[in-house]
Amino acid sequence: MVVAQRPNLAYVIIDTERCKGCRLCISVCPKKIIGLASHINQMGYTPAVVIEEKAHECTGCTACAIMCPDTVISVYRCDRVPSKPAS
Ligand code: SF4
Ligand code: SF4
């Protein structure tokens, strides 16, 4: 199988309904791709969200997930993805 190297393929998912808006993840993201939403969640907090226009800059460093006291951030990173076999 042919494998392609794509070192920066990473993204985060934030469970916004469980986020309490403490902003710790925002403070540690080196790419500044996390901000606050313009709405409140079911708990009455303004949750953290990924800024859509900057999402592609995520490096998958996991700093946000490690810092989150409520473990509501998941980081996905794929350093090696299969490509189509040569025909
Ligand atoms: S994984 Fe790193 S770069 Fe991506 S959002 Fe979290 S802190 Fe920012
Ligand atoms: S650190 Fe966690 S709880 Fe705090 S704002 Fe970020 S996602 Fe929400």
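Just above, that's the structure.
Residues numbered from 1 in each chain as written. Chains lettered and ligands numbered in written order. Predicted model: local features only at pLDDT ≥ 70, side-chain atom pairs only at ≥ 80, totals over all residues.

## A closer look at the overall build of the chain
Alright, step 1. A count of helical and extended segments in the chain gives two helices and six strands.
Alright, step 2. For the chain, the sequential pattern of α-helices and β-strands runs β-β-α-β-β-α-β-β.
Alright, step 3. Each of the 87 residues in the chain was classed as buried or not, and the buried ones make up 16%.
Alright, step 4. Of the contacts made within the chain by residues no fewer than 6 positions apart, 71% connect residues no fewer than 24 positions apart. (Helix = DSSP H or I, 4+ residues; strand = E, 2+ residues; numbered from the N terminus. Buried ≥ 20, exposed ≤ 12 C-beta atoms within 10 Å, placed from the backbone. Contact = placed C-beta atoms within 7 Å.)

## A word on the site of ligand 1
Alright, step 1. In the vicinity of ligand 1 lie 15 residues, with Cys29, Cys58, Cys61, Ala63 and Cys64 positioned nearest.
Alright, step 2. Here the residues of the shell around ligand 1 are counted per class, giving eleven nonpolar, three polar and one charged. (Near = placed C-beta within 6 Å. Nonpolar A, V, L, I, M, F, W, Y, C, P; charged D, E, K, R; others polar.)

## Details of the nonpolar core
Alright, step 1. The biggest cluster of nonpolar side chains holds 13 residues, and the ones touching the most others in it are Val12, Ile14, Cys25, Ile34, Cys64 and Ile73.
Alright, step 2. When contributions to this core are tallied by element, the ones reaching two or more residues are strand 2 (10-14) and strand 4 (48-50). (Core = buried A, V, L, I, M, F, W, Y, C linked by C-beta atoms within 7 Å.)

## Remarks on the site of ligand 2
Alright, step 1. In the region of ligand 2, 15 residues are neighbours, and Cys19, Cys22, Cys25, Ala48 and Cys68 sit closest.
Alright, step 2. Looking at side-chain class alone, the shell around ligand 2 contains eleven nonpolar, one polar and three charged residues.

## So, unusual backbone geometry
Alright, step 1. In this structure, Thr62 is a non-glycine residue whose phi angle is positive, near 75°.
Alright, step 2. Residue position: Thr62 is located in the loop between strand 4 and helix 2 (63-67).
Alright, step 3. C-beta crowding within 10 Å serves as the criterion here: with 14 such atoms nearby, Thr62 is assigned to the partly exposed category.
Alright, step 4. The phi torsion at Thr71 lies on the positive side, around 45°, for a residue other than glycine.
Alright, step 5. Turning to its location among the elements, Thr71 is positioned in the loop between helix 2 and strand 5 (73-77).

## Description of the environment of Gly21
Alright, step 1. Along the polypeptide, Gly21 turns up in the loop between strand 2 and helix 1 (24-28).
Alright, step 2. The partly exposed category is assigned to Gly21, around which 17 C-beta atoms lie within 10 Å.
Alright, step 3. Sequence spacing of Gly21 and Ile40 is 19 residues, and the spatial spacing of their C-alpha atoms is 9.4 Å.
Alright, step 4. Discounting residues that sit within four places of it in the chain, Gly21 has contacts with Leu36, Tyr45, Thr46, Pro47 and Ala48.

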